[in-house]
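Chain residues, written in single-letter form:
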Amino acid sequence: MPLLAIVYFSISGTTEKLAHAVARGAAGKMEIAVCRISGDDIVSGRFENESLLGTVDRADAVAFGSPTYMGGPAAQFKAFADASSDRWSEQRWANKFAAGFTTGACAGGDQLHTLTYFSVLAAQHGMLWCGIDIPGGEDKGGRNRLGSQLGLATHLVDGALPQSDLCTAEYLGQRLTMLAGRNG
Ligand SMILES: Cc1cc2nc3c(=O)[nH]c(=O)nc-3n(C[C@H](O)[C@H](O)[C@H](O)COP(=O)(O)O)c2cc1C
């Protein structure tokens, strides 16, 4: 079975809910590694969890997740990305599928910049970017509520993640599964 690695950072649990929803979407058809970046992975400012990086080495598809912090990915996610530079020089992650998800407090809280960063990270690694093929505002189930097709952008409504955002995350997991299956 192909392996999906879901690599994310979350403090208050919203991005974590999205990570688990992506995993549900791929369940049964992919082996899934849910990899939460923790503060303890970062020592003197550097990400040092070699086991997590090794999981990505083995994966066929990778979903990157982070809350949007000050208009971009959280520093903890960026520390992980910076630690992948050895893999970059060897293009060890080339041809894996990659997708991204983020959340914010505001509907227009610059989540696009976080997704753009994820897609550039994927391009640096020679990965194949997987966006969302659901036109915003057109889906009967309300998926892709914020109309972001580069990746999954969400925000809290009355302090909670709308069900439609979780459904979109599940769909992203399904889509990565479909693409990884085609590649295999
Ligand atoms: C330091 C910091 C910066 C933030 N910057 C943004 C931002 O630029 N845009 C936004 O919409 N929300 C911003 N937020 C809100 C978080 O994205 C939001 O609370 C998110 O749900 C946190 O994710 P988590 O529950 O996975 O930790 C910020 C929160 C913090 C703590």
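Right above here is the structure, for reference.
In this text, all values refer to a predicted model and were calculated from it rather than measured experimentally.

About the thresholds
Residues numbered from 1 in each chain as written. Predicted model: local features only at pLDDT ≥ 70, side-chain atom pairs only at ≥ 80, totals over all residues. Heavy atoms only, no water. Buried < 20%, exposed > 50% of the residue type's maximum accessible area, 1.4 Å probe, protein only. Helix = DSSP H or I, 4+ residues; strand = E, 2+ residues; numbered from the N terminus. Contact = heavy atoms within 4.5 Å. Polar contact = N/O pair within 3.5 Å; in protein donor to acceptor, adjacent residues only side chain to side chain. Near = heavy atom within 4 Å. Areas by Shrake-Rupley, 256 points an atom, 1.4 Å probe, with all protein chains shown as cover. Expected span 1.5 Å × (residues − 1). Core = buried A, V, L, I, M, F, W, Y, C linked by side-chain atoms within 4.5 Å. Phe/Tyr/Trp six-rings, centres within 6.5 Å; stacked < 30°, edge-to-face > 60°. Lys NZ or Arg CZ within 6 Å of the ring centre and 35° of its normal.

**Q** What's the story with helix H2 (residues 50–58) in this structure? I'm lost.
**A** Because the α-helix completes a turn every 3.6 residues, residues three or four places apart line up on one side. Restricting attention to buried positions, one finds in H2 the residues Leu52, Leu53, Gly54, Thr55 and Val56. Tucked inside the fold, the buried residues of H2 contact strand E1 (3–8), strand E2 (31–36), strand E4 (46–47), strand E5 (61–69), helix H3 (75–83) and helix H4 (85–90). By the N-cap criterion, in which a side-chain oxygen at the helix start approaches the backbone nitrogen of a residue two or three places on, H2 is capped by Asn49, the distance to Ser51 being 3.2 Å.

**Q** Whenever I open this one, the site of the ligand confuses me. Can you help?
**A** The local shell around the ligand holds 17 residues, among which Ser10, Ile11, Ser12, Thr15 and Met70 are the closest. Thr14 places a main-chain nitrogen or oxygen 2.8 Å from an oxygen atom of the ligand. In this structure, an oxygen atom belonging to the ligand sits 2.9 Å away from a main-chain N or O atom of Gly71. Relative to its unbound accessible surface of 640 Å², the ligand loses 74% to contact with the protein. The greatest single-element share of the shell around the ligand, amounting to three residues, is contributed by E5.

**Q** Quick question: what am I supposed to make of helix H5 (residues 111–124) here?
**A** Spanning 14 residues, H5 covers 20 Å between terminal C-alpha atoms, matching the ideal 20 Å at 1.5 Å per step. Those residues of H5 that fall on the buried side of the exposure criterion are Gln111, Thr114, Leu115, Tyr117, Phe118, Ser119, Leu121 and Ala122. For H5, the elements touching its buried residues are E5, strand E6 (72–73), H3, strand E7 (97–104), strand E8 (128–129) and strand E9 (152–155). Backbone geometry just after H5 places Gly126 at a positive phi near 75°.

**Q** Teacher, can you tell me more about the nonpolar core here?
**A** Where a protein is soluble and globular, its nonpolar side chains tend to be buried together. Membership of the largest hydrophobic core comes to 29 residues, with the highest contact counts inside it found for Val7, Phe64, Phe77 and Phe80. Contributing elements (two or more residues each) for this core: E1, E2, H2, E5, H3 and H5. Phe77 has contacts with Val7, Phe9, Ile37, Phe64, Gly65, Ser66, Tyr117, Phe118 and Leu121, leaving out every residue within four places of it along the chain. Formed by 27 residues, the second largest nonpolar core is a distinct cluster that contains Phe101, Cys130, Ile132 and Leu179.

**Q** Help me understand the packing of aromatic side chains in this model?
**A** Here the distance between the centres and the angle between the planes together describe a pair of aromatic rings. For the coordinates displayed, the defined rule picks out seven aromatic pairs. For the ring pair Phe47 and Phe80, a centre distance of 5.6 Å and an interplane angle of 80° mean the geometry is edge-to-face. Taken together, the residues span a long stretch of sequence, with Phe47 in strand E4 and Phe80 in helix H3 at a distance of 33 residues. Both residues of the pair, Phe47 and Phe80, count as buried. Ring-pair connections join several aromatic residues into one group, and the members of that group are Phe47, Phe64, Phe77, Phe80, Trp93 and Phe118. The cationic tip of Arg143 hangs over the ring face of Tyr171; the distance from NZ or CZ to the ring centre is 4.9 Å.

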